Amino acid sequence: MEKLPIIDLHCDLLVYLLMNPDATPDDGAFGASLPFLKEGNVSLQVMAIFTAVEEESSKRGVAQSVLYKQMLDDYSKDISQVGAGYQVTQDPRVGMIASLESASGICNEVEPLENAFRNLDTIISNVNRLFYISFTHHTENRFGGGNYAKAGLKPDGEALLDYMGGKEIAIDLSHTSDALAHDILDYTYRKGLKVPVIASHSNFRDIWDHPRNLTRENAMEIINRGGVIGMNFLRAFLNNDEPGALLDHIRYGFDLPGGENAISFGADFFYTGDFPDPARDPYYFPVHEDATKYHALMDQLRGDLSEDQLKRLAYKNVERFIASNWT
Ligand SMILES: [Zn+2]
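Along each chain, residue indices are assigned from 1 in the same order as the chain's sequence is written. Totals for whole chains, interfaces and linings use all residues, but because this is a predicted model, local features are given only for residues with pLDDT of at least 70 and pairs of side-chain atoms are given and counted only at 80 or more. Note that water and hydrogens are dropped before the side-chain values are worked out from all heavy atoms of the structure.

### A word on helix 11 (residues 307-325)
An α-helical segment advances 3.6 residues per turn. Residues three or four places apart therefore align on the same side. For clarity, the cut-off: Each helix corresponds to a stretch of at least 4 residues labelled H or I by DSSP, and each strand to a stretch of at least 2 residues labelled E; elements are numbered beginning at the N terminus. In a helix, the anticipated span is given by 1.5 Å times the number of residues less one. Throughout, bend refers to the angle between the axes fitted to the seven residues that end at a position and the seven residues that start at it. The buried label applies to any residue whose accessible area, calculated with a 1.4 Å probe on protein chains only, is under 20% of its type's maximum; exposed applies above 50%, and partly exposed to all values in between.
For helix 11, built from 19 residues, the straight-helix expectation of 27 Å at 1.5 Å per residue is met to within 8% by its first-to-last C-alpha distance of 25 Å. At L313, helix 11 shows its maximal kink, close to 65°. Buried within helix 11 we find Q309, L310, R312, L313, A314, Y315, N317, V318, E319, F321, I322 and N325.

Encoded structure:
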């Protein structure tokens, strides 16, 4: 079967490179390494700049943007920067664009908020364009509540949303508390902010009840606002025991009204070697463990989804999102 081009909305290669100075983008220990991306016919991979809530967070955020820039220079034969007008092509190189997974990467908990905007501008000048910003990760920070927190949108988060207005950077709901998701949707609507809303790497709570997964209501709001939702491959967010649950999440997404315009991939490959959590080991089912696995999944979906729907899942929905939001 022909391998469709793939667009994937989330992986954490940059923090792996930052924390492991001997690691390279070719590293076979990483699920979205260059050899896997190429074998998987991945046309575009979004590269997240990940930081936790920590004192060094903004330094680590900026440092990852420098690594991104350096990677584009060092691997120019293998990687190309993606911009407005992007469409999947026969270019054998893997397209890339950066994103920000947690706004802690532009400002720690104590520095003045002005630093956030200065660091954001520095990061954007290093990486050319940011696909999206997720305000939080699992925990709460100065911008709002993460997946395992209760806080909603805070004044610093409002200021950051105002700053993002009209800058063609999406707000990502994948790591928000329910209150933060609600407040972001409400605030952007009330203020008429031009900030696209997406979930870069999240599944559905109706299929697997987990705080990392989207409620039906939030999924519908993303769809109705023209956003995209990237399906996550991590076992903990699918179903601990059933590899086939990924198919259930995808089918559920396509059954939502308008869902066929939004459902995409956000596999969420990250380095698990320095992340010991016995309850989550293995982090991925072997059938989803690296970027070569999209196509076996697509073959399993043939019959449930039409050829056009498979193309939407593989790349067309993100292509459409880029065409509608980037100039
Ligand atoms: Zn994540």
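That covers the picture; the talk isn't over yet.
### Overview of the pattern of salt bridges
As a reminder of what qualifies: Any carboxyl oxygen of Asp or Glu that lies within 4 Å of a side-chain nitrogen of Lys or Arg is treated as forming a salt bridge with it.
Applying the stated criterion across every chain, the model contains 18 salt bridges. The residue K154 makes a salt bridge to E140 at a minimum N-O spacing of 2.6 Å. Of this pair, K154 sits in the loop between strand 5 (130-134) and helix 5 (155-164) while E140 is found in the loop between strand 5 and helix 5, placing the two residues 14 residues apart along the sequence. In this structure, the salt-bridge partner of K191 is D162, at a minimum N-O distance of 3.4 Å. Of the two residues, K191 sits in the loop between helix 6 (178-190) and strand 7 (197-198) while D162 sits in helix 5, which places them 29 residues apart along the sequence.

### A closer look at the pairing of strand 5
What counts is decided by this rule: DSSP bridges decide pairing: two strands pair if at least two such bridges lie between them.
Summarising burial for strand 5: five of the five residues are buried, a large majority. Strand direction decides the pairing type here: strand 4 (residues 94-101) and strand 5, joined by three bridges, are parallel. Along strand 5, the bridge assignment pairs L100 with I133. Direction of pairing for strand 5 relative to strand 6 (residues 170-172): parallel, over a ladder of two bridges. In the strand pairing of strand 6, I133 is matched with I171.

### Here's the deal with the pairing of strand 4
Put simply, the rule reads: Consider the strands pointing away from the viewer: the crossover is right-handed when the path from the first strand over the helix to the second runs clockwise.
Here strand 4 lies mainly inside the structure; eight of its eight residues are buried. On strand 4, burial covers both faces: V94, M96, A98 and L100 on one face and G95, I97, S99 and E101 on the other are all buried. The pairing of strand 2 (residues 42-50) with strand 4 spans seven bridges and is parallel. Its bridge partner being in strand 4, L44 is matched across the sheet by G95. With respect to chirality, the unit in which strand 4 leads through helix 4 (residues 114-127) into the neighbouring parallel strand 5 is right-handed.

### Here's the deal with the coordination of the zinc ion
The cut-off we apply is this: In this description, a donor is an N, O or S atom within 2.8 Å of the metal centre, a cutoff extended to 3.2 Å for sodium, potassium and calcium. Water is not part of the atom list, which can make sites seem incomplete.
At the metal site, the zinc ion is ligated by E101 (OE), H175 (NE2) and H201 (NE2), and these contacts range over 2.0 to 2.2 Å. Considered as a linear motif, the donors of the zinc ion on their single chain read E-x73-H-x25-H. You can see E101 sitting in strand 4 and its partner H201 sitting in the loop between strand 7 and helix 7 (216-224), a full 100 residues away along the chain. As far as the burial class goes, E101 and H201 line up, both buried.

### Focus: the packing of aromatic side chains
Two aromatic rings, taken as a pair, are described by how far apart their centres are and by the angle between their planes. The condition that has to hold: Between 30 and 60 degrees the pair is tilted, below 30 it is stacked and above 60 it is edge-to-face, where a pair is any two Phe, Tyr or Trp rings, Trp via its six-membered ring, whose centres lie within 6.5 Å.
Taken as a whole and judged by the stated rule, the model has 15 aromatic pairs. Aromatic side chains F131 and F321 sit 5.7 Å apart centroid to centroid with 10° between the ring planes, which places their arrangement in the stacked category. With a gap of 190 residues between them, F131 in strand 5 and F321 in helix 11 connect regions that are remote in the sequence. As far as the burial class goes, F131 and F321 line up, both buried. The structure contains a cluster of three or more aromatic residues connected by ring pairs, namely F233, F265, F269, F270, Y283, Y284 and Y294.

### Observations regarding the environment of D186
Mapping D186 onto the fold places it in helix 6. Between the C-alpha atom of D186 and that of T136, which follows or precedes it by 50 residues, the distance is 17 Å.

### Structural notes on the nonpolar core
Put simply, the rule reads: Residue types Ala, Val, Leu, Ile, Met, Phe, Trp, Tyr and Cys, when buried and joined through side-chain atoms within 4.5 Å, form a set referred to as a nonpolar core.
Counting residues in each nonpolar core, the largest one holds 109 residues, and the members touching the most others are M71, F131, F135, I229, I250 and F269. Of all the elements, helix 11 adds the most residues to this core, at seven residues.

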